[in-house]
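Listed below are the residues making up each chain.
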Amino acid sequence: MCLAVPGKILSIDDNEPIFRQGRVSFGGAVKTVYLAYVPSATIGDYVIVHAGFAISLLDEKEAGRVFEYLQEMKDLP
C-alpha cells in the first residue's frame, strides 16, 4: 500500500531545475521535497507528496478535505 500526503510549499530552491526542491509543511512538520515532477508549482501551492517527491498539485479545498479525513482517522478509537 502506498500513501501520499498533501503539504503546502513554503519555499523553493531553483538552483538546479533537475533537482528543484522546496520546503513543504505537513500540518506543522516541515520537510524538504523534490519538485521536479511539478515544474509549475509555486510558493503557497499544495502538492501531493510520496516518498519525498511531489507528484501532483492539489487545490486548497481538496487539501483541506484530506486534512479533515486524516484528523478523523486520528480520532478513531
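The preceding data block contains the structure.
### With respect to the overall build of the protein
Thinking step 1. When helices and strands are tallied, the protein shows one helix and five strands.
Thinking step 2. Scanning the protein from its N terminus toward the C terminus, one meets helices and strands in the order β-β-β-β-β-α.
Thinking step 3. In terms of overall size, the protein behaves like a compact globule, its C-alpha atoms giving a radius of gyration of 13 Å where 77 residues would be expected to give roughly 11 Å.
Thinking step 4. Taken over the C-alpha atoms alone, the protein extends approximately 45 × 25 × 20 Å along its principal axes.
Thinking step 5. Looking at the 77 residues of the protein, the share that counts as buried comes to 23%.
Thinking step 6. Long-range contacts, defined here as pairs at least 24 residues apart, represent 28% of the contacts in the protein between residues at least 6 apart.
Thinking step 7. For the protein, the exposed surface amounts to about 5,400 Å²; the carbon and sulfur share of it is 59%.

### Digging into the pattern of salt bridges
Thinking step 1. By the definition in use, this model includes two salt bridges.
Thinking step 2. Residue Asp-14 pairs with Arg-20 through a salt bridge whose shortest N-O separation is 2.7 Å.
Thinking step 3. Given the relative accessible area of 49%, Asp-14 is considered partly exposed.
Thinking step 4. In this structure Arg-20 comes out as buried when scored by relative accessible area, which is 10%.
Thinking step 5. Note that Glu-62 is salt-bridged to Arg-65, the shortest N-O span being 3.1 Å. Note that Glu-62 and Arg-65 are positioned in helix α1 (residues 60-74) at a spacing of three residues, about one turn of the helix.
Thinking step 6. Among the residues examined, Arg-65 registers a relative accessible area of 38% and is labelled partly exposed.

### Comments concerning unusual backbone geometry
Thinking step 1. Positioned with a positive phi, Ala-51 is a non-glycine residue whose angle comes to about 55°.
Thinking step 2. Inspection of the secondary structure assignment puts Ala-51 in the loop between β4 (46-50) and β5 (53-58).
Thinking step 3. Judged by relative accessible area, Ala-51 falls into the exposed class, the value being 63%.

Rules used in this analysis
- Positions within a chain are numbered from 1, following the residues in the order the chain's sequence is written.
- It should be noted that, the model being predicted, local features are given only for residues of pLDDT at least 70 and side-chain atom pairs only at 80 or more, the latter also being counted only at that level, while totals for whole chains, interfaces and linings use all residues.
- As a rule here, side-chain values cover all heavy atoms of the structure and leave hydrogens and water aside.
- A run of DSSP states H or I qualifies as a helix once it reaches four residues; a run of E qualifies as a strand once it reaches two. Both are numbered from the N-terminal end.
- In this description the radius of gyration comes from C-alpha coordinates, and the expected globular size is given by 2.2 Å times residues to the power 0.38.
- Relative accessibility decides the category of a residue: with a 1.4 Å probe and only protein chains considered, values under 20% of the type maximum give buried, values over 50% give exposed, and everything between is partly exposed.
- In this description, contact between two residues means that some pair of their heavy atoms is separated by no more than 4.5 Å.
- Accessibility throughout is a Shrake-Rupley quantity obtained with a 1.4 Å probe, and a residue counts as covered only by protein chains that appear here.
- A pairing counts as a salt bridge when a side-chain nitrogen of Lys or Arg comes within 4 Å of a carboxyl oxygen of Asp or Glu.

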